[in-house]
Amino acid sequence: MKKLTFIVVSLLLLLTVGSLQAQEPITLTYMASQGWVPDAEIELGAQFEAETGIHVDYQIVPADQYFTLLQTRLNTGEGTDIFGGQSGVTDLIINYNVEANAVDLSDQPWVAQMDPLVLEQASVNGKVYGLTLWDVMGTTWVVNYNKAIFAENNLSVPTTYAELKATCETLLGVGIIPIFEPVASGWHHVLWFPELGPRYEEVTPGLATALNANETTFAEDPTMLSVVEQLKELYDLGCFGDNALADTTEFTTEALGTGQYAMGLTNLTGPQSIEADYPDVSADNFGFFVMPLADNQNLNINPAGPTKFIYSGSEHIDAALQYFEFLTRPESLQYLIDNNPAMRTLPFAGLTFNLMPSQQEFLDSFAPEQRGTVYQTAVNYVNPQWMDIGQDLTAMFTDAIEPQEVLAHIDERRAQMAQAAQDPAWGG
């Protein structure tokens with residue numbers, strides 16, 4: 001009888017221990033680069049823990065160290081439960097190998113609510129691997145213009161390159177610098193070229209696909225050449241002012257807020273930044289139009305941005321899926337917008353965006369067929385050479401190289417990167 005009692009007690013103890021182990025709280029580790037996880041998301045993480053008992057440990061890494069550390073962890077099989085990365089099909093394949101390192105999220109309910117362009121850049125071979133919670137619309141690059149300066153000089157929004165050129169010449173004639181372009185920053189002036197991807201596709205449908213298949217080149221495309229030549233002409237005419245080669249981006253709000261310049265290429269929400277730095281200058285003083293080089297009238301959207309992935313080797317995949325589900329609830333998405341000044345939109349349906357009415361009207365004015373993906377995202381091996389393109393454009397401005405050479409250099413670097421990646425389209 002004592003032996004039987006001992007066995008029963010032992011079994012009860014084992015069951016009790018097992019039950020306690022099963023109830024141990026789960027901690028999800030989430031590694032991301034600095035600036036990718038806003039305070040509002042961390043606050044949502046606390047709400048998620050209160051609801052589920054699952055704790056989220058946010059491991060924020062300095063930006064200059066992040067990608068090296070991430071690739072080391074992925075290559076050694078020591079990824080965190082959730083890891084952040086930049087979306088974009090090429091990056092997903094080359095930098096993160098998501099087909100091996102990330103969980104297929106295609107069957108998740110929130111997938112149907114994501115913007116199709118954004119979803120495409122978080123997918124590989126028809127499968128969704130990432131959740132992009134980023135303000136891809138508010139960060140759209142557009143030309144912001146000073147309404148008062150335009151009205152005083154009887155100017156209207158230019159819709160063609162010829163009209164933009166004429167607008168600049170009118171402003172120069174009255175002593176106003178037309179466009180603030182901070183060339184010295186090395187990256188900003190590059191935006192005028194690859195951001196016009198939707199126009200390139202409109203003129204030559206399927207061009208991005210052909211470029212990715214190595215069936216054509218940048219140097220062969222006449223629309224691209226016209227954009228580079230027009231950018232050169234704007235510089236030569238003095239449309240960027242006499243100090244463009246020394247100007248840097250940190251002076252953008254000053255240049256536009258003080259009225260020294262009539263226009264500037266900034267994010268759609270740039271006027272809010274101007275008002276923040278110059279409270280006496282209302283954000284409503286500024287209007288917007290798309291870059292009209294090559295007569296473009298399409299909205300350039302970069303649907304790529306910081307994106308969350310669930311590590312395929314995680315022991316807590318179900319818990320991570322729960323976290324993604326919690327973040328994509330309408331009330332959670334709206335919380336992110338309402339409690340983060342830098343996040344005024346999110347790529348999900350059914351939300352109230354924190355934009356000025358004029359900004360929302362501007363976005364709404366573009367039909368779906370007038371929206372497209374920028375080429376640094378749509379075309380492989382462009383984004384990694386961004387600063388090199390900047391150097392070439394600067395060399396073109398100073399007559400060191402010709403516009404055609406800018407395109408040829410892009411092709412050369414693309415070929416080198418493709419071969420290094422053993423891209424089969426380049427014989428890899």
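Residues numbered from 1 in each chain as written. Predicted model: local features only at pLDDT ≥ 70, side-chain atom pairs only at ≥ 80, totals over all residues. Heavy atoms only, no water.

### Here we look at helix 19 (residues 403-420)
Note the cut-off: Labels follow the DSSP assignment, with helices taken as runs of H or I lasting at least four residues and strands as runs of E lasting at least two, numbered in each case from the N terminus. To estimate the expected span of a helix, count its residues, drop one, and scale the result by 1.5 Å. Working definition: with a 1.4 Å probe on protein chains only, accessible area under 20% of the residue-type maximum means buried, over 50% means exposed, and in between means partly exposed. Should any heavy atoms of two residues lie within 4.5 Å, those residues are counted as being in contact.
For helix 19, spanning 18 residues, the distance from its first C-alpha to its last is 27 Å, which sits close to the expected 26 Å at 1.5 Å a residue. Taken residue by residue, helix 19 has Pro-403, Val-406, Leu-407, Ile-410, Asp-411, Arg-413, Arg-414, Ala-415 and Ala-418 as its buried positions. Its buried side turned inward, helix 19 meets helix 10 (207-212), helix 11 (222-237) and helix 18 (386-397). Once helix 19 finishes, Gln-422 follows within two positions and takes phi at roughly 55 degrees, a positive value.

### Points about the environment of Phe-366
Mapping Phe-366 onto the fold places it in the loop between helix 16 (357-364) and strand 12 (371-373). For Phe-366, a relative accessible area of 9% translates into the label buried. The residues contacting Phe-366, other than those within four sequence positions of it, are Val-290, Gln-297, Asn-298, Leu-299 and Arg-371.

### Side note on the nonpolar core
Note the following rule: Take the buried residues of types Ala, Val, Leu, Ile, Met, Phe, Trp, Tyr and Cys, join any two whose side-chain atoms come within 4.5 Å, and each joined set is a nonpolar core.
If you look at the biggest cluster of nonpolar residues, it comprises 65 residues, and the most contacted ones within it are Tyr-323 and Phe-362. Every residue in contact with Phe-362, bar those within four places of it in the chain, is listed here: Val-142, Leu-268, Phe-288, Phe-289, Val-290 and Leu-299. If you look at the next biggest cluster of nonpolar residues, it comprises 53 residues, including Val-143, Leu-191, Leu-393 and Leu-407.

### A few points about the sheet that holds strand 7 (residues 177-180)
Convention followed: The pairing criterion for strands is at least two bridges between them, as found by DSSP. Axes here refer to lines fitted to C-alpha atoms; in helices the fit is confined to the stretch in contact. Angles between the N-to-C directions go from 0 to 180 degrees.
Read from one edge of the open sheet, four strands run 7-8-6-9, paired in mixed fashion. Whereas interior strands pair on both sides, the edge strands pair on one side only; in this sheet they are strand 7 and strand 9 (286-289). On average, each strand axis in the sheet is inclined to that of its neighbour by 25 degrees, with strand direction left out of account. Here strand 6 (residues 141-146) runs beside strand 8 (residues 261-267); their pairing, made up of five bridges, is antiparallel. Across the sheet, residue Val-143 finds its bridge partner in strand 8, namely Leu-265. Sheet contacts for helix 8 (residues 161-173): strand 7, strand 8 and strand 9; angle to strand 8, the most-contacted strand, approximately 135 degrees.

### With respect to the side chain of Thr-253
Counting through the fold element by element, Thr-253 comes out in helix 12 (residues 252-257). The buried category is assigned to Thr-253, whose relative accessible area is 16%. If we skip the residues at most four places from it in the chain, Thr-253 touches Thr-258, Ser-273, Ile-274, Asp-277 and Tyr-278.

### Quick word on the side chain of Ser-123
For clarity, the cut-off: By the criterion applied in these results, polar contacts are pairs of N or O atoms within 3.5 Å in which, for protein atoms, one can donate a hydrogen and the other can accept it, and in which residues neighboring in sequence qualify only through two side-chain atoms.
With respect to the helices and strands, the residue Ser-123 is situated in strand 4 (residues 123-124). The class of Ser-123 is buried, set by a relative accessible area of 12%. One polar contact links the side chain of Ser-123 to the main-chain carbonyl oxygen of Leu-119, over a distance of 2.7 Å. Residues contacting Ser-123, with those up to four places away along its chain left out, are Val-89, Leu-92, Val-128 and Tyr-129.

### Points about the pattern of salt bridges
Short version of the rule: The salt bridge definition used is simple: a Lys or Arg side-chain nitrogen within 4 Å of an Asp or Glu carboxyl oxygen.
The full count for this structure, using the stated rule, is eight salt bridges. Glu-233 is the partner of Lys-165 in a salt bridge, and the nearest nitrogen-oxygen pair spans 2.9 Å. Here Lys-165, found in helix 8, pairs with Glu-233, found in helix 11; they are 68 residues apart in sequence, far enough to count as distant. A relative accessible area of 24% places Lys-165 in the partly exposed class. Among the salt bridges present, the one from Arg-329 reaches Glu-325, with a minimum N-O distance of 3.2 Å. Looking at Arg-329, the relative accessible area reads 21%, which means it is partly exposed.

### A short note on the packing of aromatic side chains
Cut-off, in case you're wondering: Whether two aromatic rings pair depends on their centres lying within 6.5 Å, for rings of Phe, Tyr and Trp, where Trp uses its six-membered ring; planes under 30 degrees apart make the pair stacked, over 60 edge-to-face, and the rest tilted.
According to the stated counting rule, one finds 22 aromatic pairs in the structure shown. When the ring of Tyr-66 is compared with that of Phe-67, the centres are 5.5 Å apart and the planes differ by 75 degrees; the resulting orientation is edge-to-face. Through pairs of rings, three or more aromatic residues link up here, namely Trp-192, Tyr-235, Phe-240 and Phe-397.

### Description of helix 15 (residues 330-338)
Buried within helix 15 are the following residues: Ser-332, Leu-333, Gln-334, Leu-336 and Ile-337. Taken together, the buried residues of helix 15 touch helix 2 (39-52) and helix 14 (317-327).

### Some words on the environment of Met-396
If you trace the backbone, Met-396 turns up in helix 18. Apart from residues no more than four positions distant in its own chain, Met-396 is found in contact with Val-228, Lys-232, Ile-401, Glu-402, Pro-403 and Val-406.

### Here we look at unusual backbone geometry
Phi at Asn-154 takes a positive value of approximately 55 degrees, unusual for a residue other than glycine. Relative to the helices and strands, Asn-154 is located in the loop between helix 7 (147-152) and helix 8. Taking relative accessible area as the criterion, Asn-154 reaches 73% and is therefore assigned exposed. The backbone of Asp-399 shows a phi angle near 65 degrees, a positive value even though the residue is not glycine. Within the secondary structure, Asp-399 sits in the loop between helix 18 and helix 19. A relative accessible area of 58% places Asp-399 in the exposed class.

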